[in-house]
Amino acid sequence: MHSNAMPPEISGTSGGIPEATVARLPVYLRALYGLAERGISTVASEELAAAAGVNSAKLRKDLSHLGSYGIRGVGYDVDYLVYQVSRTLGLTQDWPVVIVGAGNLGRALANYGGFVSRGFTISAMLDSDPAIVGTRIAGLTVRHVDELEAVVARHKVAIGVIAVPASSAQAVCDRLVAAGVTSILNFAPLVLNVPEGVDVRKVDLSIELQILAFHAQRRSGARPGAEPGGGHPGALNGMHAAAARQPVTSELAAQA
Ligand code: NAI
């Protein structure tokens, strides 16, 4: 068993492509979609790098791992680069996703249209609450979590999204893994234990907020530890103190 306490994606390679490069590919893709929407068909590496927020040497190196070098004096063909990055990320095929936990977060995720346009189909939503099972969310009827194994098999689910309370998350994860799901996106605030061969990505918005708070504090010239708005440092208690102790191991580090 190994845990996902330290994201392994910062180092190592995956299919010959450095994991840090893999982590930046979705950022390039988002920038490329933005350019395509503005009707831009070719882009210089400097322009794409600026749109993605990385330096252009790093961008050129990253794209060279995909066999994409651009044309001197012209740059990259936006549509073709979208295709290349998408193909490398495996986005040219459809990925059936199951969301476990149809509460506030699960509902919001299911209602977000952006996944479908990126090739992720929400195949099913599962919950354990009889008051929620049978209700319709984003065109789907919420199924009981007892149907998890059957749903995974029927829809050939590739990715499981965990949006249940932390107290149930490990049990849900174990069931997903036992059912054959090898990619898990975990929103619950705990570190999941999974066997070798199972990838877990953890999303924690509070970590992102803490990083923003750090930068906001720097910009305002405030002393670390001083309370924003003139508060006193002694007010650092409860949730604040717990947050201050959290190690910051954000995936965003891979995008820097
Ligand atoms: P919620 O209470 O609205 O929804 C949780 C749902 O999970 C409920 O419908 C409940 O019936 C269901 N559930 C509980 N045990 C289950 C089980 N064993 N199998 C199937 N369904 C089960 O909670 P909310 O606000 O949607 O949050 C869900 C999770 O996401 C929590 O762990 C929360 O801490 C986390 N969260 C994480 C965020 C992040 O940035 N990572 C942001 C917001 C929430």
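Here, the structure is the one placed above.
Computed from a prediction, not measured in an experiment: that's the story for all the values here.

About the cut-offs
- Residues numbered from 1 in each chain as written.
- Predicted model: local features only at pLDDT ≥ 70, side-chain atom pairs only at ≥ 80, totals over all residues.
- Heavy atoms only, no water.
- Helix = DSSP H or I, 4+ residues; strand = E, 2+ residues; numbered from the N terminus.
- Buried < 20%, exposed > 50% of the residue type's maximum accessible area, 1.4 Å probe, protein only.
- Near = heavy atom within 4 Å.
- Polar contact = N/O pair within 3.5 Å; in protein donor to acceptor, adjacent residues only side chain to side chain.
- Areas by Shrake-Rupley, 256 points an atom, 1.4 Å probe, with all protein chains shown as cover.
- Nonpolar A, V, L, I, M, F, W, Y, C, P; charged D, E, K, R; others polar.
- Axes fitted to C-alpha atoms, helices over the stretch in contact; angles between N-to-C directions.
- Parallel < 35°, antiparallel > 145°, perpendicular 65-115°, else oblique.
- Left-handed = near helix turned anticlockwise from the far one by under 90°.
- Contact = heavy atoms within 4.5 Å.
- Core = buried A, V, L, I, M, F, W, Y, C linked by side-chain atoms within 4.5 Å.
- Expected span 1.5 Å × (residues − 1).

(A) Up close: the overall build of the protein chain. Scanning the protein chain from terminus to terminus reveals 10 helices and 14 strands. Looking at the protein chain as a whole, 36% of its 256 residues qualify as buried.

(B) Structural view of the site of the ligand. Surveying the vicinity of the ligand reveals 23 residues, the closest of which are Leu105, Asp127, Val164, Val203 and Leu205. In this structure, an oxygen atom belonging to the ligand sits 2.7 Å away from a main-chain N or O atom of Leu105. Side-chain polar atom of Asp127 to an oxygen atom of the ligand: 2.6 Å apart, as the coordinates give it. Across the complex, the protein chains shield 72% of the 850 Å² of accessible surface that the ligand would expose by itself. Every element with two or more residues in the shell around the ligand is listed here: α5 (104-111) and α8 (166-178). Broken down by element, the shell around the ligand gets its largest block of residues, 3 residues, from α8. Among the residues forming the shell around the ligand, the class breakdown is 15 nonpolar, 5 polar and 3 charged.

(C) The packing of helix α1 (residues 19-37) against helix α4 (residues 78-89), seen in detail. Axis separation between α1 and α4 bottoms out at 10 Å; the angle between their running directions is 150°. The pairing of α1 with α4 is recorded here as roughly antiparallel in orientation. Every pair of crossing elements has a handedness; the one defined by α1 and α4 is left-handed. For the pair α1 and α4, contact is made by Val22, Leu25, Pro26, Leu29, Leu32, Tyr33 and Ala36 and by Val78, Leu81, Val82, Val85, Ser86, Thr88 and Leu89, respectively. Grouping the amino acids of the contact of α1 with α4 by side-chain chemistry returns 12 nonpolar, 2 polar and no charged.

(D) View of the side chain of Ser56. Secondary-structure assignment places Ser56 in helix α3 (residues 56-64). Ignoring any residue separated from it by four or fewer positions in sequence, one finds Ser56 in contact with Ser45, Glu46 and Ala49.

(E) Spotlight on unusual backbone geometry. Positive phi, close to 50°, is recorded for Ala138, a residue that is not glycine. Relative to the assigned elements, Ala138 resides in the loop between β8 (136-137) and β9 (140-141). Of note in the backbone geometry, Lys156 takes a positive phi value of approximately 50° without being a glycine. Tracing the backbone shows Lys156 in the loop between α7 (148-155) and β11 (159-162).

(F) Layout of the nonpolar core. Counting residues in hydrophobic clusters, the biggest one holds 23 residues, and the most contacted among them are Val100, Ile162, Leu176 and Ile184. Looking at this core, the elements that each hand over two or more residues are β6 (95-100), β7 (120-127), α7 and α8. The element that contributes the greatest number of residues to this core is α8, accounting for 5 residues. With sequence-adjacent residues up to four places away left out, Ile184 is seen in contact with Gly160, Ile162, Cys173, Leu176, Val177, Leu192, Val198, Asp199, Val200 and Arg201. In terms of nonpolar packing, the next biggest core, distinct from the first, is built from 22 residues, Val27, Ala31, Leu66 and Leu91 among them.

(G) Structural context of α4. Helix length check: α4, at 12 residues, gives a terminal C-alpha distance of 16 Å against a target of 16 Å (1.5 Å per residue), a fit within 8%. Of all the residues in α4, the buried ones are Val78, Leu81, Val82, Gln84, Val85 and Ser86. On its buried face, α4 sits against α1, β4 (42-43), α2 (45-52), α3 and β5 (76-77). Sitting at the amino-terminal end of α4 is Asp77, which places a side-chain oxygen 3.2 Å from the backbone nitrogen of Asp79. Downstream of α4 by one or two residues, Gly90 has phi in the positive range, about 80°.

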